[in-house]
Amino acid sequence: MRDRMNVYFPPELLRQISDLADRKKLSRSAIVEAAVASFLSPDGSDRREAAFIRRLDRLSRQMQRLERDVGLTAETLAMFIRFWLTITPPLRSDAQAAAQIKGRERFEGFVEALGRRLQKGQSFLREIPEDIRRQEPADENPTEDPG
């Protein structure tokens, strides 16, 4: 048994209900009933909230990894630049052209190697923690000079 209830809707909302009812081949009453049941269902809002929390947690973890990777990249670049600037002697003007040719060759080789790594899905940033873990046992038990 169903009870009757008269409800008034704004014309635009009523048009949307009618359009949806036509598309789904349902009565307008069935559309409104489903909407009210969904609105009153505590499980629906709890599920949405849980989904938002999971999504936010995942985004937070992604942002933390991104922040770590960007920091690591910036530090790596800064160290490389400092190292390169301190050990690279200035070139004589007659050696400059040969050095530029060699530099272009090395850069092309670097770009090709980078392309191969990226195609294979390899990431230098993912290898760093593994390298650190491999070095830690040696650092924790340093061999002391018995003399």
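The structure presented is a predicted model; accordingly, all values stated were derived computationally and were not measured. (Residues numbered from 1 in each chain as written. Predicted model: local features only at pLDDT ≥ 70, side-chain atom pairs only at ≥ 80, totals over all residues. Heavy atoms only, no water.)

### As for the confidence of the model for the protein
Of all residues in the protein, 90% have pLDDT values of 70 or greater, and the mean over the chain is 84. Within the protein, the lowest mean pLDDT, 68, falls on helix α5 (residues 124-140), and the highest, 94, falls on helix α1 (residues 11-24). Across residues 142-147 the pLDDT falls below 50, and counting only partners more than four positions away or on other chains, this stretch makes zero contacts in the model. (pLDDT = per-residue confidence, 0-100. Helix = DSSP H or I, 4+ residues; strand = E, 2+ residues; numbered from the N terminus. Contact = heavy atoms within 4.5 Å.)

### Points about the pattern of salt bridges
Applying the stated criterion across every chain yields a total of six salt bridges. Among the salt bridges present, the one from Arg-2 reaches Glu-33, with a minimum N-O distance of 2.8 Å. Here Arg-2, found in the segment before α1, pairs with Glu-33, found in helix α2 (residues 28-40); they are 31 residues apart in sequence, far enough to count as distant. The exposure class assigned to Glu-33 is partly exposed, which follows from its relative accessible area of 41%. Where Asp-69 meets Arg-68, a salt bridge forms, and the shortest distance between an N and an O atom there is 2.7 Å. Taking the relative accessible area as the measure of exposure, Arg-68 reaches 45% and is therefore partly exposed. Through salt bridges with shared partners, a single ionic network connects Glu-12, Arg-15 and Asp-19. (Salt bridge = Lys/Arg side-chain N within 4 Å of Asp/Glu carboxyl O. Buried < 20%, exposed > 50% of the residue type's maximum accessible area, 1.4 Å probe, protein only.)

### Let's talk about the packing of α1 against α2
Where α1 meets α2, the axes come as close as 8 Å, and the angle between the chain directions of the two elements is 110°. When the axis of α1 is compared with that of α2, the two are roughly perpendicular. Here Leu-14, Ile-17, Ser-18, Leu-20 and Ala-21 of α1 come into contact with α2, specifically with Arg-28, Ile-31 and Val-32. Looking at the contact of α1 with α2 residue by residue, the classes come out as six nonpolar, one polar and one charged. (Axes fitted to C-alpha atoms, helices over the stretch in contact; angles between N-to-C directions. Parallel < 35°, antiparallel > 145°, perpendicular 65-115°, else oblique. Nonpolar A, V, L, I, M, F, W, Y, C, P; charged D, E, K, R; others polar.)

### As for the packing of aromatic side chains
Counted by the stated rule, this structure contains one aromatic pair. Relative to Phe-110, the ring of Phe-107 has its centre 6.2 Å away and its plane inclined at 35°; by these criteria the two rings are tilted. Note that Phe-107 and Phe-110 are positioned in helix α4 (residues 93-120) at a spacing of three residues, about one turn of the helix. (Phe/Tyr/Trp six-rings, centres within 6.5 Å; stacked < 30°, edge-to-face > 60°.)

### Side note on α1
If you check α1, its first and last C-alpha atoms are 20 Å apart, about what 14 residues at 1.5 Å a residue would give, namely 20 Å. Of all the residues in α1, the buried ones are Ile-17, Ser-18 and Ala-21. The buried residues of α1 occupy an angular sector of 95° when the element is viewed end-on, so they sit on one face. Exposed side of α1, more than 90 degrees from the buried face: Asp-22 and Arg-23 are the residues found there. Buried-residue contacts for α1 involve α2. Lys-25 occupies a position one or two residues after α1 and carries a positive phi of about 60°. (Expected span 1.5 Å × (residues − 1). Arc of directions from axis to C-beta.)

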